[in-house]
2 protein chains.
Amino acid sequence: MTEPPHIGIVDDDPALLKALGRLLRSQKLRTTSYASAEAFLADFENVDLDCIILDVSMPGMSGLALQEQIHARRPRLPLLFLTGQGTIPMSVQAVKAGAVDFLTKPVDQAELMTALERALTEGAQANRDAQELTELRDRFGRLSARELEVLRHVIAGKPNKAIAAELGVSEQTIKVHRMRVTQKTGVNSVVALVRAADRLGIKAID
Amino acid sequence: MTEPPHIGIVDDDPALLKALGRLLRSQKLRTTSYASAEAFLADFENVDLDCIILDVSMPGMSGLALQEQIHARRPRLPLLFLTGQGTIPMSVQAVKAGAVDFLTKPVDQAELMTALERALTEGAQANRDAQELTELRDRFGRLSARELEVLRHVIAGKPNKAIAAELGVSEQTIKVHRMRVTQKTGVNSVVALVRAADRLGIKAID
DNA sequence: TGAACAATTGAACCAAAGTTCAATCCGTGA
DNA sequence: TCACGGATTGAACTTTGGTTCAATTGTTCA
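As a starting point, this report considers the structure included with it.

The rules behind these values
- Residues numbered from 1 in each chain as written.
- Chains lettered and ligands numbered in written order.
- Predicted model: local features only at pLDDT ≥ 70, side-chain atom pairs only at ≥ 80, totals over all residues.
- Heavy atoms only, no water.
- Least-squares fit on C-alpha atoms with pLDDT ≥ 70 in both.
- Contact = heavy atoms within 4.5 Å.
- Buried < 20%, exposed > 50% of the residue type's maximum accessible area, 1.4 Å probe, protein only.
- Helix = DSSP H or I, 4+ residues; strand = E, 2+ residues; numbered from the N terminus.
- Arc of directions from axis to C-beta.
- Polar contact = N/O pair within 3.5 Å; in protein donor to acceptor, adjacent residues only side chain to side chain.
- Near = heavy atom within 4 Å.
- Nonpolar A, V, L, I, M, F, W, Y, C, P; charged D, E, K, R; others polar.
- Buried area = accessible area lost by both parts, 1.4 Å probe.
- Salt bridge = Lys/Arg side-chain N within 4 Å of Asp/Glu carboxyl O.
- Pairing = 2+ DSSP bridges.
- Axes fitted to C-alpha atoms, helices over the stretch in contact; angles between N-to-C directions.
- Left-handed = near helix turned anticlockwise from the far one by under 90°.
- Core = buried A, V, L, I, M, F, W, Y, C linked by side-chain atoms within 4.5 Å.
- Parallel < 35°, antiparallel > 145°, perpendicular 65-115°, else oblique.

Another aspect to go through is the relation of the copies chain B and chain A. Once chain B is rotated about the relating axis by 180 degrees and shifted along it by 0.0 Å, it coincides with chain A to within an RMSD of 0.1 Å. These values place the two chain copies in the arrangement generated by a two-fold rotation axis. Among all C-alpha atoms of chain B, that of I88(B) lies closest to the rotation axis, at 2.6 Å. Residue by residue, 100% of the interface of chain B is reproduced at the interface of chain A, so both copies engage with the same surface.

Let us now look at helix α4 (residues 88-96) of chain A. Residues that lie three or four places apart on an α-helix share one face, since the helix turns once every 3.6 residues. Of all the residues in α4(A), the buried ones are I88(A), S91(A), V92(A), A94(A) and V95(A). Taken around the axis of α4(A), the buried residues stretch over an arc of 165 degrees, which confines them to a single face. For α4(A), the elements touching its buried residues are α3 (63-73), β4 (79-83) and β5 (101-104) of chain A together with α4 (88-96) and β5 (101-104) of chain B. Downstream of α4(A) by a residue or two, G98(A) has a phi angle that is positive, lying close to 110 degrees.

We now examine the environment of R73(B). Residues and elements named next belong to chain B. Here R73 is to be found in helix α3 (residues 63-73). It is 9.3 Å that separates the C-alpha atoms of R73 and F44, two residues lying 29 residues apart in sequence. Leave out the neighbours within four places in its chain, and R73 touches L41, F44 and E45. Looking at R73, its side chain comes within polar contact range of the side chain of Q69, at 3.0 Å.

Looking at DNA strand D, there are 17 residues lining it, with S144(B), R146(B), V169(B), T173(B) and H177(B) nearest. Atoms of DNA strand D within 4 Å of the protein belong to the sugar or the phosphate in 68% of instances, the rest to bases. A distance of 2.9 Å separates a phosphate oxygen of DNA strand D from a polar backbone atom of N160(A). One nitrogen or oxygen atom from the side chain of K175(A) is found 2.9 Å from a base oxygen belonging to DNA strand D. Looking at the surface near DNA strand D, the elements that each hand over two or more residues are α7 (160-167) and α8 (171-185) of chain A together with α6 (145-154) and α8 (171-185) of chain B. Here the surface near DNA strand D is built from residues that sort into five nonpolar, seven polar and five charged.

Turning next to the interface of chain B and chain A. Opposite the 22 residues of chain B that make contact, chain A presents 22 residues. Contact with chain A buries area across many residues of chain B, yet I88(B), V191(B) and R195(B) alone supply 33% of it, more than any other trio. On inspection of chain B and its partner chain A, the count reaches four salt bridges. For the salt bridge of R195(A) with D198(B), the shortest nitrogen-to-oxygen distance reads 3.0 Å. Linking chain B with chain A are nine residue pairs in polar contact (both at pLDDT 80 or more). Where the side of chain B that touches chain A is concerned, the elements lending two or more residues are α4, β5 and α9 (190-200) of chain B. Looking at the side of chain B that touches chain A residue by residue, the classes come out as eleven nonpolar, six polar and five charged.

Another aspect to go through is the sheet that holds β5(A). All names here are of chain A. Strand order in the open sheet made by the five strands is β2-β1-β3-β4-β5, with parallel pairing throughout. Since the sheet does not close on itself, it has two edges, and those belong to β2 (30-34) and β5, each with one partner. For this sheet, the mean angle separating the axes of adjacent strands, direction not counted, is 20 degrees. Those strands touched by helix α5 (residues 109-141) are β1 (6-10), β3 (51-54), β4 and β5, and its axis lies near 140 degrees from that of β3.

Turning our attention to the protein's contact with DNA strand C. In the region of DNA strand C, 17 residues are neighbours, and S144(A), R146(A), V169(A), T173(A) and H177(A) sit closest. The protein-proximal atoms of DNA strand C, defined as those within 4 Å of the protein, are 67% sugar or phosphate. The backbone of N160(B) places a nitrogen or oxygen atom 2.9 Å from a phosphate oxygen of DNA strand C. At 3.1 Å from a base oxygen of DNA strand C is found a side-chain nitrogen or oxygen belonging to K175(B). At the level of secondary structure, the elements contributing two or more residues to the surface near DNA strand C comprise α6 (145-154) and α8 of chain A together with α7 (160-167) and α8 of chain B. In terms of residue class, the surface near DNA strand C is made up of five nonpolar, seven polar and five charged.

Turning to the pattern of salt bridges, a few remarks are in order. All names here are of chain A. In this structure the tally under the stated criterion is 22 salt bridges over all chains. In this structure, R199 and E132 form a salt bridge, with 3.0 Å as the shortest nitrogen-oxygen distance. In this pair, R199 is assigned in helix α9 (residues 190-200) and E132 in helix α5, connecting sequence segments 67 residues apart. Owing to a relative accessible area of 43%, R199 belongs among the partly exposed residues under this scheme.

All names here are of chain B. One can describe the packing of helix α1 (residues 14-26) onto helix α5 (residues 109-141) by two numbers: an axis separation of 12 Å at closest approach and a directional angle of 65 degrees. Viewed along their axes, α1 and α5 form a crossing whose handedness is right-handed. Contacts from L20, L23 and L24 of α1 reach α5 at Q109, L112, M113 and L116. Looking at the contact of α1 with α5, its residues break down into six nonpolar, one polar and no charged.

A few words now on the nonpolar core. In terms of nonpolar packing, the biggest core is built from 46 residues, with F40(A), I52(A), F40(B) and I52(B) touching the most fellow members. Not counting residues within four places of it along the chain, the set of residues in contact with F40(B) comprises V10(B), Y34(B), L49(B), I52(B), L66(B) and I70(B). Ranked by size, the runner-up nonpolar core spans 40 residues in total, among them L143(A), I155(A), V181(B) and I202(B).

As a further point, take the packing of α6(A) against α8(A). Residues and elements named next belong to chain A. Where α6 contacts α8, the axes come no closer than 9 Å and their chain directions differ by 95 degrees. As judged from the angle between their axes, α6 and α8 are roughly perpendicular. Residues R146, E147, V150 and V154 of α6 form the contact with α8, whose participating residues are I174, H177, R178, R180, V181 and K184. Counted by class, the contact of α6 with α8 contains four nonpolar, one polar and five charged residues.

Rendered as structure tokens:
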């Protein structure tokens, strides 16, 4: 990462936005502030955030509703709640929905920074995972429908002969399809094929 | 399951123990009550619980500390917090540590039963998973050290020839070891071998 | 319509894996 | 000490998998 992480802040309290923005920028972080959930969503597609710090109780859409919206768009983007009007049920819901933490105002700076660091670490890991997955998806996306079908039989552990019988084609055809699969995906061993297919959610045909 | 689920309740309030026990028993659930975390831990080995409902603030060991103790002994046993003196940080900590829910007194009966049902469902699933894992562990535990070593090379996707070279033995030896592995574990295909080894945390040797 | 691609098959061949029978060597426990 | 199980190897064999060359059919896209 050549650029510092970019933190989004959503809170209806201008004083907090200002103070928190100043604090984070002093830690060499980039920040973008939003006064409401709606303002944030309107800008969502235009910015590339690494973490979002959001209030729960705001006029208009609540922080918890915003969490749902964000989760639907970018499931692995780490969220940090920071609120003054929070309740236990709210915090439980937020954490169960995947929030990294749920802090209460006034917040201890060290506590906030610790949570933020954790969020950024998790987000970075999630990004690496997602990138690997995208690469895999690209390579397996090149497979034809038939090749994918053969693959799904292969990762069920069937021998070529059985696959050929089930598909009503010759064993040679299966071999060619398998060859194409390894060519297109770059995955040569059955072992790696199983792991890759499992990660991509490709289901075996038993 | 012929027997109804068995719920443990840990709370320092005798009135709550009594009321909650009555409620759960009316729902065809078995219950066992404990007045303190210490009392619960002393009895832990003797009972077979499916879920535990526990208070946070109790004289002596707190509910959160008890959660740690329970988690160390039975990581997948579902926990449900039910407390009157809870705080947001407590609830966040509990949920992050894996608690199914964190409810506040006075609790809505329907809410409690919903959470409890979810806890029991999760616990039952965890039990099924654990049982499958135990069976697998048994079968793979029969492997000799050498056979396990060969297996770890196999699930790295290496051909027998390469494994033989790395271990400084002949290819025939590897074949025999592999045959023993499939005999002892009952797993015939490489595909199934990879999945089983991965679930057991058996690491490949690359 | 012609080019390009997917799917299919056959033949022949080589490499890898699995099986069976037989044998040797080494440590551990009875 | 002797028997037993684990590790090792060899030989011979079968099955399965992977590769190459060549060819046919159907569909789709320009």
